Amino acid sequence: MTYSRITGTGRFLPEKVLTNFDLEKIVDTTDEWIRTRTGVERRHCVAEDQTTSDMCVEAAKVAMESAGVRPADIDMVIIGTTSPDLIFPNVATLVQHRLGIPACTAFSLEAACTGFIYALTTADKFIKAGESKRALVIGAECITKLVDWSDRNTCVLFGDGAGAVILEQSDEQGIIGCHLGADGQYKDLLYYPVGASKDLAKAGTDEASIMMSGKDVFKVAVSTLGNVASKALESAGVSQDELDWLIPHQANLRIIQATAKRLNLPMEKVILTVQDHGNTSAASVPMALDVGVRDGRIKRDQMILMEAFGGGFTWGSVLMRF
Ligand code: ACO
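Just so it is clear, the structure is predicted and the values come from calculations on it, not from any experiment.

Visitor: Now, about the packing of helix H3 (residues 52-67) against helix H4 (residues 91-99): what can you tell me, with residues and values included?
Guide: H4 packs onto H3 with a crossing angle of 55° between their chain directions and a minimal axis gap of 10 Å. As far as their axial angle goes, H4 and H3 are oblique. Of the two possible hands of crossing, H3 and H4 adopt the one that is right-handed. Together, Thr 52, Ser 53, Asp 54, Cys 56, Val 57, Ala 60, Lys 61 and Met 64 of H3 and Val 91, Leu 94, Val 95, Arg 98 and Leu 99 of H4 make up the contact between the two elements.

Structure representation (structure tokens):
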């Protein structure tokens, strides 16, 4: 039996930190409002000349070192992101080249906050089909470059970063089950109104900013994430008690608490980074995984459920032994 298994993790966070108190000086908000509504206390923001590929390269170097692999050992790069450097070439090709990884399958995919879960699921399929032996999988976002810094409804939520993993073919069990979903009927609840084939001229103007119906997003996120988590466990025949860690998308502490409650999981078993990172979209799950691994909480062979939800809506989960 061929499995795919994570053998290394890494993350990169930009140097600049914006606290809630900093935001009090930019928009009409308070630290207290942001903390109680979202759980966010601070977030990292890219510098003007910093790009998604810059962050990916740094996170990947750390993941490669922790897996003990060299660029030449990697045969596939997949990056989940909503904020690539360019419309083309895709950001995975930029990262492949900058890391000195030999020519290989390299692509990015866009599934909003679920981007990493989609990317990891895709890499798992390639490995189990025997078409890749060792993949570099990244979730990365420069989401603060899309934020309207005069809109208090959204600017307090987001942050930047990149999280990377090395996923390898293995004889030992790693990824047990992946479940992806999407439903475009919710497209108007959370979107960015500019793309390569639509209103590109509005990019960089006041007319281009993240549009979000916060309360509706909240409600669908809570019910969908609860269902996704239960489905992942049920279809693998794994009980809640066997779970060592839940690594949820870090959008909002209250969404995370509600999901943990539905799973009957104490918050001590949830890796939380939302307070320090904000919502980093596709980067949030792999960065939280890396935080848990590096501070020693997540150990080899533990049972982990990762899950995410984002614009589209898209959603997904990965159940694995680490
Ligand atoms: N500071 C102070 N007041 C604010 C702020 C702010 N930063 N933002 C909004 N308010 C005000 C609103 O204007 C509103 O005022 P009003 O009643 O006078 O009109 C009031 O606070 C309440 O606003 P609500 O939108 O009702 O606040 P709510 O309790 O729903 O919290 C929030 C808003 C945090 C956005 C919440 O709905 C939420 O987290 N939704 C989930 C959305 C999410 O996570 N999006 C991230 C991307 S999607 C994803 O990753 C899943």
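Visitor: Tell me about the sheet that holds strand E13 (residues 314-321), and name the residues and values.
Guide: Across the sheet, which stays open at both edges, the 4 strands sit in the order E8-E13-E12-E11 with mixed pairing between neighbours. Either end of the sheet is taken by a strand with one partner, and the two such strands are strand E8 (175-182) and strand E11 (245-248). Going across the sheet, the axis of each strand differs from the next one's by a mean of 10°, ignoring polarity. With 4 bridges joining them, E11 and strand E12 (residues 303-310) adopt parallel strand pairing. Bridging from a neighbouring strand, Pro 248 pairs with Glu 307 of E12. Sitting on the sheet, helix H7 (residues 214-236) is in contact with E8, E12 and E13, with an inclination near 150° to E12.

Visitor: I'd like to hear about the packing of aromatic side chains, residue by residue, with values.
Guide: Here the structure, examined in full by the defined rule, presents 3 aromatic pairs. For the ring pair Tyr 186 and Phe 313, a centre distance of 5.0 Å and an interplane angle of 20° mean the geometry is stacked. With a gap of 127 residues between them, Tyr 186 in the loop between E8 and strand E9 (190-191) and Phe 313 in the loop between E12 and E13 connect regions that are remote in the sequence. Tyr 186 gets classed as partly exposed once you look at its relative accessible area, which sits at 24%. A connected cluster of aromatic rings, assembled from ring pairs, spans Tyr 186, Phe 309 and Phe 313. Residue placement shows Arg 300 over the ring face of Phe 322; its charged tip is 4.2 Å from the ring centre.

Criteria and cut-off values
Residues numbered from 1 in each chain as written. Predicted model: local features only at pLDDT ≥ 70, side-chain atom pairs only at ≥ 80, totals over all residues. Heavy atoms only, no water. Axes fitted to C-alpha atoms, helices over the stretch in contact; angles between N-to-C directions. Helix = DSSP H or I, 4+ residues; strand = E, 2+ residues; numbered from the N terminus. Parallel < 35°, antiparallel > 145°, perpendicular 65-115°, else oblique. Left-handed = near helix turned anticlockwise from the far one by under 90°. Contact = heavy atoms within 4.5 Å. Pairing = 2+ DSSP bridges. Phe/Tyr/Trp six-rings, centres within 6.5 Å; stacked < 30°, edge-to-face > 60°. Buried < 20%, exposed > 50% of the residue type's maximum accessible area, 1.4 Å probe, protein only. Lys NZ or Arg CZ within 6 Å of the ring centre and 35° of its normal.

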